[in-house]
Amino acid sequence: MKRTIRIACFLGLLLGLAMAQTIAGKWTGDMPGRGGDATPTTFNFKVDGDKLTGTMTGPQGDIPLQEGKVTGSAISFSTTLDFGGNSVKILYKGTMSGDQMKMTRERDGGGGQVREFTIKRSTT
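So, here is what we can say about the structure in this document.

Reading the values: the criteria
- Residues numbered from 1 in each chain as written.
- Predicted model: local features only at pLDDT ≥ 70, side-chain atom pairs only at ≥ 80, totals over all residues.
- Heavy atoms only, no water.
- Phe/Tyr/Trp six-rings, centres within 6.5 Å; stacked < 30°, edge-to-face > 60°.
- Helix = DSSP H or I, 4+ residues; strand = E, 2+ residues; numbered from the N terminus.
- Buried < 20%, exposed > 50% of the residue type's maximum accessible area, 1.4 Å probe, protein only.
- Pairing = 2+ DSSP bridges.

## Quick word on the packing of aromatic side chains
Then, in step 1: For the structure shown, the criterion picks out 6 aromatic pairs.
Then, in step 2: Judged by centre distance (6.4 Å) and plane angle (70°), the rings of Phe43 and Tyr92 are edge-to-face. Placement of Phe43 in strand S2 (residues 38-48) and of Tyr92 in strand S7 (residues 86-97) is noted, with a sequence separation of 49 residues between them.
Then, in step 3: The exposure class of Phe43 is buried, given its relative accessible area of 0%.

Below, the structure written as structure tokens:
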């Protein structure tokens, strides 16, 4: 019985590591903005264990990902944007399914609409 539990735990750990590694890489998609406009955005994810780092690239240039976490096929991270001296923290969450990731973003502390979008693994 103990051996079966150990094997199951080991396989679960391997599966978690494999999922984290498949999240790593370049992902692209259109991020919704105000008024329904969409902006092409690229995410470059790096994974080290359960830690997610990398950048988000859009009209503002490269923005570092902060507070990134990976749990199986789910990710979460934040970014901080500066609007004329006013810093705004944005929270992101995503769940990977194959070569797609369903994402949400919202302003930290509420005060804004939760926006949903999908990104896809880049082949370039």
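Moving on from the model shown.
## A short note on the pairing of strand S1 (residues 25-32)
Then, in step 1: With 8 bridges joining them, S1 and S2 adopt antiparallel strand pairing. Within the sheet, the bridge partner assigned to Asp30 lies in S2 and is Pro40.
Then, in step 2: Here S1 hands over to S2 after 5 residues, with Gly35 in that stretch at a positive phi of 70°.
Then, in step 3: Direction of pairing for S1 relative to strand S9 (residues 115-121): antiparallel, over a ladder of 3 bridges. Looking across to S9, one finds that Trp27 is bridged to Arg121.

## A short note on the pairing of S9
Then, in step 1: Sheet topology places strand S8 (residues 100-107) next to S9; 6 bridges connect them, and they run antiparallel. Directly across from Met101, in S9, lies its bridge partner Ile119.

In short, shape yes, function no, at least from these values alone.
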